[in-house]
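Overview (structure and organization)
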2 protein chains.
Amino acid sequence: MINQLVKEITNKKAPIVVGLDPMLSYVPEFIRKKAFEEYGETLEGAGEAIWQYNKGIVDAVSDLIPAVKPQIAMYEQFGVPGLVAYQKTVDYCKEKGLVVIGDIKRGDIGSTSKAYAIGHVGKTVVGSKTYSGFNEDFVTVNPYLGSDGVQPFIDVCKETKKGIFVLVKTSNPSSGEFQDQKIDGIPLYELVGKKVAQWGESFMGDSYSYVGAVVGATYPEMGKVLRKLMPKTYILVPGYGAQGGKAEDLVHYFNKDGLGAIVNSSRGIICAYQQEKYASYGETAYADASRQAVIDMRDDIMGALVGK
Amino acid sequence: MINQLVKEITNKKAPIVVGLDPMLSYVPEFIRKKAFEEYGETLEGAGEAIWQYNKGIVDAVSDLIPAVKPQIAMYEQFGVPGLVAYQKTVDYCKEKGLVVIGDIKRGDIGSTSKAYAIGHVGKTVVGSKTYSGFNEDFVTVNPYLGSDGVQPFIDVCKETKKGIFVLVKTSNPSSGEFQDQKIDGIPLYELVGKKVAQWGESFMGDSYSYVGAVVGATYPEMGKVLRKLMPKTYILVPGYGAQGGKAEDLVHYFNKDGLGAIVNSSRGIICAYQQEKYASYGETAYADASRQAVIDMRDDIMGALVGK
């Protein structure tokens, strides 16, 4: 799957991923109205609304991008019906040939991590049958529990040729509270980064590892250090756009081969129609606004990479 | 909710919580068979089997215990139908008057943590209506992202009078890999513990905070230190029994009032019938075996506390 991700990034000349993180307030009125007419103002209605909203965006942008990253929390907030919408979104994106990175940030003790891994990137055995629960291609993993919390994800992915992105340095303002703490002069995120590189060595694709890392766009100096520390690790970079990360800062997350990083934007793309810049599209053409925002993001980042 | 938890622990003289972490291999043949006859060897069949299995255990032990802790990963491994079983389990335990601690170990950047909090311990607004997604009483939270990843849970809980348990020192063998790293001579888990105490000060129940901590039974010396560092924090203690934690080690997790900790056992209780000690119950009386295992666990821990 890492080889496919690299191939799609290269073919589409777009090291970008669209974060499908729908809030009900993002969904245009006409979609919400139709969903509520059909299912009422219920959790099912909310699930239907965000699924139809996603579908419109995916249809409009899938030829431009290699991957999507649905944030499961945005679906989980609507309980089971929200997770039905998550599943529909994952399945539909895969049908469209997109690589799906499930942003689930799971992580637990060994046997429990294994259950998460099975549910999202593995196979579940029921009697004599085998099923995939959610069936993403990659998932994000929280490293706080250490190797035996991460290893089960790697073990399961080795069977299915899928991959993970481990949180190393997150994009949020208070990420430094624990992640930047220095241990013998070395910040925790570097220690985690070294582990990620180490875990990754045992599970290599053609040029990059199936074990990737999450490093926020909002901390470019740290991104620079981590890039060198984890040369064979694909870096998933959240925080571009709405959270403040800029294209010129992102060049440090890439290797000299022009690869090694994939930049996420969520609100900046899926909510483009609510921004002044794309307001002329209006609500009904919200997906076209998202398409233009993808093109602008791609050009912004590719432009910065050319100038590197 | 923390006041109710303390009240139930006191009334039932049982500072214990039963971990509802079902694997299909734990479920007695007669339950599996019936579920598969009804739903086939499908994810729905698996969900039905674990739900019926849970129901049997809950019916047999609910008068003895204050709380249950379903581990969501064990349900998530079966995709959406597994999460339907999780929801049924949560709802049923609440009907039975049990406090439900959702072991979800979520944690993300601010707006995303808020979505998780809303889905599990808050209220979701859909049009003019308000719903609860999963509706647990407490959830476990991963602190790796720092304050702005934890605070949204606290904010949501303040509205619903629910609570959280933040991972401080987990019970697994490699938890020390990052959690024990020393920062200016102080291990990371102590730094996190101090933060938990600080977060908790702003959200107090009658005698304990709504912000609790997870500290594994497998590290009693660290438990002793953390107990002193977080005097008003309820400690959720996994790792008793199957993972190796012993009752005499657990006394250090309690305060002098005999309160302040609640000890979890999962496999040791729900799989009791598969242990040699309880084998005479047989598969059909699996729930009675679980009841006896609860009584034995309670007596073991209360005995150690009396001798403290």
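Residues numbered from 1 in each chain as written. Chains lettered and ligands numbered in written order. Predicted model: local features only at pLDDT ≥ 70, side-chain atom pairs only at ≥ 80, totals over all residues. Heavy atoms only, no water.

**A few points about the relation of the copies chain A and chain B**
- Superposing chain A onto chain B takes a rotation of 180° plus a shift of 0.0 Å along the axis, which leaves an RMSD of 0.0 Å. On the angle and the small slide along the axis, the relation comes out as a two-fold axis. For chain A, the smallest separation between a C-alpha atom and the rotation axis is recorded for Ile 183 of chain A, amounting to 2.6 Å.
- Interface overlap between copies: 100% of the residues of chain A at the interface are likewise at the interface in chain B, consistent with a symmetric, same-surface contact. (Least-squares fit on C-alpha atoms with pLDDT ≥ 70 in both. Contact = heavy atoms within 4.5 Å.)

**Comments concerning the interface of chain A and chain B**
- Every contact between the two is made by 72 residues of chain A and, on the other side, 72 residues of chain B.
- On the chain A side of the contact with chain B, Glu 41, Tyr 144 and Phe 178 of chain A bury the most area, a combined 16% of that side's loss.
- One can count four salt bridges joining chain A with chain B.
- Notably, a salt bridge pairs Lys 105 of chain A with Asp 108 of chain B, separated by 2.9 Å at the nearest N-O pair.
- Linking chain A with chain B are 33 residue pairs in polar contact (both at pLDDT 80 or more), by the criterion used here.
- Ranked by the residues each element gives to the side of chain A that touches chain B, the list is headed by helix 6 (residues 110-121) of chain A, at seven residues.
- Taken together, the residues that form the side of chain A that touches chain B break down as 33 nonpolar, 27 polar and 12 charged. (Buried area = accessible area lost by both parts, 1.4 Å probe. Salt bridge = Lys/Arg side-chain N within 4 Å of Asp/Glu carboxyl O. Polar contact = N/O pair within 3.5 Å; in protein donor to acceptor, adjacent residues only side chain to side chain. Helix = DSSP H or I, 4+ residues; strand = E, 2+ residues; numbered from the N terminus. Nonpolar A, V, L, I, M, F, W, Y, C, P; charged D, E, K, R; others polar.)

**Quick notes on the pairing of strand 6 (residues 138-141) of chain B**
Residue and element names in this part refer to chain B.
- Here strand 6 shows no split at all, with Phe 138 and Thr 140 on one side and Val 139 and Val 141 on the other all buried.
- Summarising the sheet, strand 6 and strand 7 (residues 163-169) pair through four bridges and their orientation is parallel. Its bridge partner being in strand 7, Val 139 is matched across the sheet by Ile 164.
- For the crossover that starts at strand 6, traverses helix 7 (residues 147-160) and ends in the parallel strand 7, the hand is right-handed. (Buried < 20%, exposed > 50% of the residue type's maximum accessible area, 1.4 Å probe, protein only. Pairing = 2+ DSSP bridges. Right-handed = clockwise from strand over helix to strand, strands pointing away.)

**Some details on the sheet that holds strand 2 (residues 67-68) of chain A**
Residue and element names in this part refer to chain A.
- One closed barrel holds the eight strands; their spatial order is 1-2-3-6-7-10-11-12, and the pairing between them is parallel.
- Bridge analysis of strand 7 (residues 163-169) against strand 10 (residues 211-215) gives five bridges, and the strand direction is parallel. Among the inter-strand pairings, Val 166 is bridged to a residue of strand 10, identified as Ala 213.
- Sheet contacts for helix 10 (residues 220-229): strand 7, strand 10, strand 11 (235-237) and strand 12 (261-265); angle to strand 7, the most-contacted strand, approximately 130°. (Axes fitted to C-alpha atoms, helices over the stretch in contact; angles between N-to-C directions.)

**So, the sheet that holds strand 7 of chain B**
- Reading around the barrel, the eight strands line up as 1-2-3-6-7-10-11-12 (chain B) and close back on themselves, with parallel pairing between neighbours.
- In this fold helix 5 (residues 79-95) of chain B packs onto strand 2 (67-68) and strand 3 (99-106) of chain B, with an angle of close to 150° to the strand it touches most, strand 3 of chain B.

**Observations regarding the layout of surface pockets**
- For the largest pocket, the calculated volume is near 450 Å³.
- Lining the largest pocket are 31 residues; nearest its centre among them are Asp 21 and Gln 243 of chain A together with Ile 109, Ser 111 and Thr 112 of chain B.
- Looking at the lining of the largest pocket, the elements with two or more residues in it are strand 3 (99-106), strand 12 and helix 12 (267-270) of chain A together with helix 6 (110-121) of chain B.
- If you tally residues by element for the lining of the largest pocket, the top one is helix 6 of chain B, at five residues.
- Here the lining of the largest pocket is composed, by residue class, of 11 nonpolar, 13 polar and seven charged.
- Forming the walls of the second largest pocket are 27 residues, and the residues nearest its centre are Ile 109 and Thr 112 of chain A together with Asp 21, Gln 243 and Ser 266 of chain B.
- The set of elements that each furnish at least two residues to the lining of the second largest pocket consists of helix 6 of chain A together with strand 3, strand 12 (261-265) and helix 12 (267-270) of chain B. (1 Å grid on protein atoms, 1.4 Å probe; cavity = no way out; pocket = protein on both sides within 12 Å on 5 of 7 lines; lining within 4 Å. Points joined across faces, edges and corners; volume = space filled by probe spheres on them.)

**Side note on the packing of aromatic side chains**
- Counted according to the given criterion, the structure contains 18 aromatic pairs over all chains.
- Centroid distance Trp 51 of chain A to Tyr 92 of chain A: 5.5 Å. Interplanar angle 80°. Geometry classified as edge-to-face. With Trp 51 of chain A in helix 3 (residues 43-61) and Tyr 92 of chain A in helix 5 (residues 79-95), the pair connects residues that are 41 residues apart, well separated along the chain. Across the pair, exposure class does not vary: Trp 51 of chain A and Tyr 92 of chain A are buried alike.
- Considering the side-chain rings of Phe 138 of chain B and Phe 165 of chain B, the 5.1 Å spacing of their centres and the 35° angle between planes classify their relative orientation as tilted. With Phe 138 of chain B in strand 6 and Phe 165 of chain B in strand 7, the pair connects residues that are 27 residues apart, well separated along the chain. No difference in accessibility class separates Phe 138 of chain B from Phe 165 of chain B, as the two residues are buried. (Phe/Tyr/Trp six-rings, centres within 6.5 Å; stacked < 30°, edge-to-face > 60°.)

**Concerning the pattern of salt bridges**
Residue and element names in this part refer to chain B.
- Counted by the stated rule, this structure contains 28 salt bridges over all chains.
- Glu 29 is the salt-bridge partner of Arg 32, the closest N and O atoms lying 3.9 Å from each other. Of this pair, Arg 32 and Glu 29 are both found in helix 2 (residues 29-39), three residues apart, which corresponds to roughly one turn of the helix.
- With a relative accessible area of 23%, Arg 32 lands in the partly exposed category.
- Between Asp 103 and Lys 105 there is a salt bridge, and its shortest N-O distance comes to 2.9 Å. Each member of the pair Asp 103 and Lys 105 is classed as buried.

**With respect to helix 6 of chain B**
- Its 12 residues place the ends of helix 6 of chain B 16 Å apart at the C-alpha level, agreeing with the 16 Å of an ideal helix rising 1.5 Å per residue.
- Within helix 6 of chain B, nine of the 12 residues are buried, which leaves it mostly tucked inside the rest of the structure.
- Of the residues making up helix 6 of chain B, those classed as buried are Thr 112, Ser 113, Ala 115, Tyr 116, Ala 117, Ile 118, Gly 119, His 120 and Val 121 of chain B.
- Turning to helix 6 of chain B, the residues buried within the fold contact helix 4 (73-76) and strand 3 of chain A together with strand 3, strand 4 (124-126), strand 6 and helix 7 of chain B. (Expected span 1.5 Å × (residues − 1).)

**A closer look at the pairing of strand 10 of chain A**
All names here are of chain A.
- Of all five residues that make up strand 10, five are buried, and the element is covered over most of its length.
- Here strand 10 shows no split at all, with Val 211, Ala 213 and Val 215 on one side and Gly 212 and Val 214 on the other all buried.
- One ladder, built from two bridges, connects strand 10 with strand 11; its direction is parallel. Counterpart to Val 214 in the pairing with strand 11 is Leu 236.
- Between the parallel pair strand 10 and strand 11, the chain is carried across by helix 10, and the sense of this crossover is right-handed.

**Overview of helix 10 (residues 220-229) of chain B**
All names here are of chain B.
- Among all positions of helix 10, only Pro 220, Met 222, Gly 223, Leu 226 and Arg 227 are buried. One side of helix 10 holds all its buried residues, which, seen down the axis, span an arc of 145°. Exposed residues on helix 10 whose side chains face more than 90 degrees from its buried face are Glu 221 and Lys 228.
- Contacts from the buried residues of helix 10 go to strand 7, helix 9 (188-201), strand 10 (211-215), strand 11 (235-237), helix 11 (247-250) and strand 12. (Arc of directions from axis to C-beta.)

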